[in-house]
Amino acid sequence: MVNSPYFDNQAVKKLQELINHPAVQAGFAPFLVALITALLLQRLKLSGLAVIAGFAITIYLASSFSFEPLTSSRKIVLAGLIAAAIAIPLSLLQARWTSYLLATFGGMTAVWAAYGILLHQETQALWLWGSGCAAYAAFLVWGMDRLAQYPLRAAGAATALGIGTGAAALIGASALLGQFGLAIGSAAAAPLLIQFIRNRPLPTGRMLTLPLAIIAALTGCLAVLSARLPWYALPFLAIIPVTAQLIPLPGKSLRVQSTVLSLATFTLAGIAIYLAWQSAGDVPY
């Protein structure tokens, strides 16, 4: 067997190329990290942190954790991390008003994240887009929070919402925002797969639903404001959590239920992706 610096350098180069591939950074890596995190933390009932763990590895590989200067995309990262941190103590609160409080938090966060972009709009457009982003984020956070006590429905909606948002943003000519959305969707697929294989629920709570809703909402808003994602794609993404809550699931195994749930939620995600493609053209890769 030949040991040579040349072969070592070639192996390192190929590994680096693999790590730098968008499919690895926004798909395989967050899914794998989320899968490991969910399995390791299930005894502590912290499996919901799998989504933010998967998102974090994508940020590490594709961008950085630097927050200076605090751009709109970096505000998404910061908001997601804060949401994950506060979701842990908030998981102990079961009061109904908490959902509305979190929805308000989501709306305010969306305006904060888009503030720099909104300042370049005329006054009428500023109020229109600002209120639209706030309403979209508030509705998503509220909708996902309603699923916090239903692990299968939450994971199914989260996967479709993340992948739908990411793919639509990517087609809308924003590679970074596309990676953000695809990362949380891929990470959310890990708890969904665990439930499918084990055929029993994996409690995730607000530790999954809150950061995912915040990241997805901010990603969608910024993709509309700064890229070419049409605004009318967002309503189809917004109703994914509501659909996941209302759709009747057959009283059979979780495997059958997850299949039905995925078909319904991914249909809505597919419509949003199609509208983005119809408006903006092909994927920029």
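Scroll up to find the structure this text is about.
As the structure is a computational prediction, the values presented were derived from the model and not from experiment. (Residues numbered from 1 in each chain as written. Predicted model: local features only at pLDDT ≥ 70, side-chain atom pairs only at ≥ 80, totals over all residues. Heavy atoms only, no water.)

Trainee: Teacher, can you tell me more about the overall build of the protein here?
Mentor: Of the regular secondary structure elements, the protein holds 12 helices and 0 strands. Listed by position from the N terminus, the elements making up the protein come as α-α-α-α-α-α-α-α-α-α-α-α. Against the globule reference of 19 Å for 285 residues, the protein gives a C-alpha radius of gyration of 19 Å, in line with a compact fold. Seen along its three principal axes, the alpha-carbon backbone of the protein occupies a region of about 65 × 50 × 35 Å. Counting across all 285 residues of the protein, residues that qualify as buried make up 50%. For the protein, contacts bridging at least 24 residues in sequence account for 78% of all contacts bridging at least 6. Just so you have it, the protein exposes about 13,400 Å², and 68% of that area is on carbon and sulfur atoms. Charge centroids of the protein, computed over 15 positive and 6 negative side chains, lie 20 Å from each other. (Helix = DSSP H or I, 4+ residues; strand = E, 2+ residues; numbered from the N terminus. Rg over C-alpha atoms; globule rule 2.2 N^0.38 Å. Buried < 20%, exposed > 50% of the residue type's maximum accessible area, 1.4 Å probe, protein only. Contact = heavy atoms within 4.5 Å. Areas by Shrake-Rupley, 256 points an atom, 1.4 Å probe, with all protein chains shown as cover. Lys, Arg positive; Asp, Glu negative; His and termini not counted. Charge placed at Lys NZ, Arg CZ, Asp CG, Glu CD.)

Trainee: Looking at this model, I keep getting lost on the pattern of salt bridges. Mind explaining?
Mentor: For side chains of opposite charge, pairing can occur when their charged atoms come near one another. Applying the stated criterion across every chain yields a total of 1 salt bridge. Close ionic contact of Asp145 with Arg206 constitutes a salt bridge, the shortest N to O distance being 2.5 Å. Taken together, the residues Asp145 in helix 6 (residues 123-145) and Arg206 in helix 9 (residues 206-226) connect sequence positions 61 residues apart. Here Asp145 matches Arg206 in class, with each residue buried. (Salt bridge = Lys/Arg side-chain N within 4 Å of Asp/Glu carboxyl O.)

Trainee: What's the story with the packing of aromatic side chains in this structure? I'm lost.
Mentor: The description of an aromatic ring pair uses the distance of the two centres, along with the angle that the planes make with each other. One pass over the structure, following the stated rule, counts 4 aromatic pairs. Considering the side-chain rings of Phe139 and Trp142, the 5.8 Å spacing of their centres and the 40 degrees angle between planes classify their relative orientation as tilted. Linking Phe139 with Trp142, this pair stays in helix 6, spanning 3 residues, or about one helical turn. Overall, Phe139 belongs to the partly exposed group, its relative accessible area being 32%. Taking 5.8 Å as the distance between ring centres and 80 degrees as the angle between the ring planes, the aromatic pair formed by Trp231 and Tyr232 counts as edge-to-face. By relative accessible area, which is 53% here, Trp231 ends up exposed. Residue class for Tyr232 comes out partly exposed when judged on its relative accessible area of 35%. (Phe/Tyr/Trp six-rings, centres within 6.5 Å; stacked < 30°, edge-to-face > 60°.)

Trainee: What am I meant to see in unusual backbone geometry here?
Mentor: A negative phi holds for most residues other than glycine; trans holds for most peptide bonds. For Lys45, which is not glycine, the phi torsion reads 60 degrees and is therefore positive. You can call Lys45 exposed: its relative accessible area is 66%. Residues other than glycine seldom take positive phi values, yet Asn199 does so here, at roughly 60 degrees. Assignment of secondary structure puts Asn199 in the loop between helix 8 (175-198) and helix 9.

Trainee: Just checking my understanding: could you explain the state of the cysteines for this structure?
Mentor: Two cysteines form a disulfide when their sulfur atoms are joined by a covalent bond. On inspection of all chains with the given rule, the structure shows 0 disulfides. Looking at Cys133, it has no disulfide partner, and the nearest cysteine sulfur is the one in Cys221, 3.4 Å off. (Disulfide = S-S within 2.5 Å.)

Trainee: Help me understand helix 6 in this model?
Mentor: In an α-helix there are 3.6 residues to a turn, and that puts residues three or four apart on one side. Taking 1.5 Å per residue as the helical rise, helix 6 with its 23 residues ought to reach 33 Å, and the 33 Å between its terminal C-alpha atoms agrees with that figure. The complete set of buried residues in helix 6 reads Gly130, Cys133, Ala134, Tyr136, Ala137, Ala138, Leu140, Val141, Gly143, Met144 and Asp145. Check the buried side of helix 6 and you find it contacts helix 5 (97-118), helix 7 (151-171), helix 9, helix 10 (234-238) and helix 11 (240-246). (Expected span 1.5 Å × (residues − 1).)

Trainee: Looking at this structure, I do not really get the packing of helix 5 against helix 9. What am I missing?
Mentor: Between two packed helices, the angle of one axis relative to the other and the distance separating the axes together describe the packing. In contact at an axis separation of 10 Å, helix 5 and helix 9 are set at 30 degrees when each is read in the N-to-C sense. With respect to helix 9, the element helix 5 is oriented roughly parallel. Where helix 5 crosses over helix 9, the two elements pack in a sense that is right-handed. Of the residues in helix 9, those in contact with Thr98, Ser99, Leu102, Phe105, Gly106, Thr109, Ala110, Ala113, Ala114, Ile117 and Leu118 of helix 5 are Arg206, Leu210, Ile214, Leu218, Leu222, Leu225 and Ser226. Tallied by class, residues from the contact of helix 5 with helix 9 come to 12 nonpolar, 5 polar and 1 charged. (Axes fitted to C-alpha atoms, helices over the stretch in contact; angles between N-to-C directions. Parallel < 35°, antiparallel > 145°, perpendicular 65-115°, else oblique. Left-handed = near helix turned anticlockwise from the far one by under 90°. Nonpolar A, V, L, I, M, F, W, Y, C, P; charged D, E, K, R; others polar.)

Trainee: Please explain the environment of Ile86 as it appears in this structure.
Mentor: Along the chain, the position of Ile86 falls in helix 4 (residues 72-90). When the C-alpha positions of Ile86 and Arg206 are compared, they lie 9.2 Å apart, and in sequence the two are 120 residues distant.

Trainee: What should I look at first to understand the environment of Ile36 in this one?
Mentor: Among the structural elements, Ile36 can be located in helix 2 (residues 22-40). With 11 residues separating them in the primary sequence, Ile36 and Ser47 have C-alpha atoms 9.6 Å apart.

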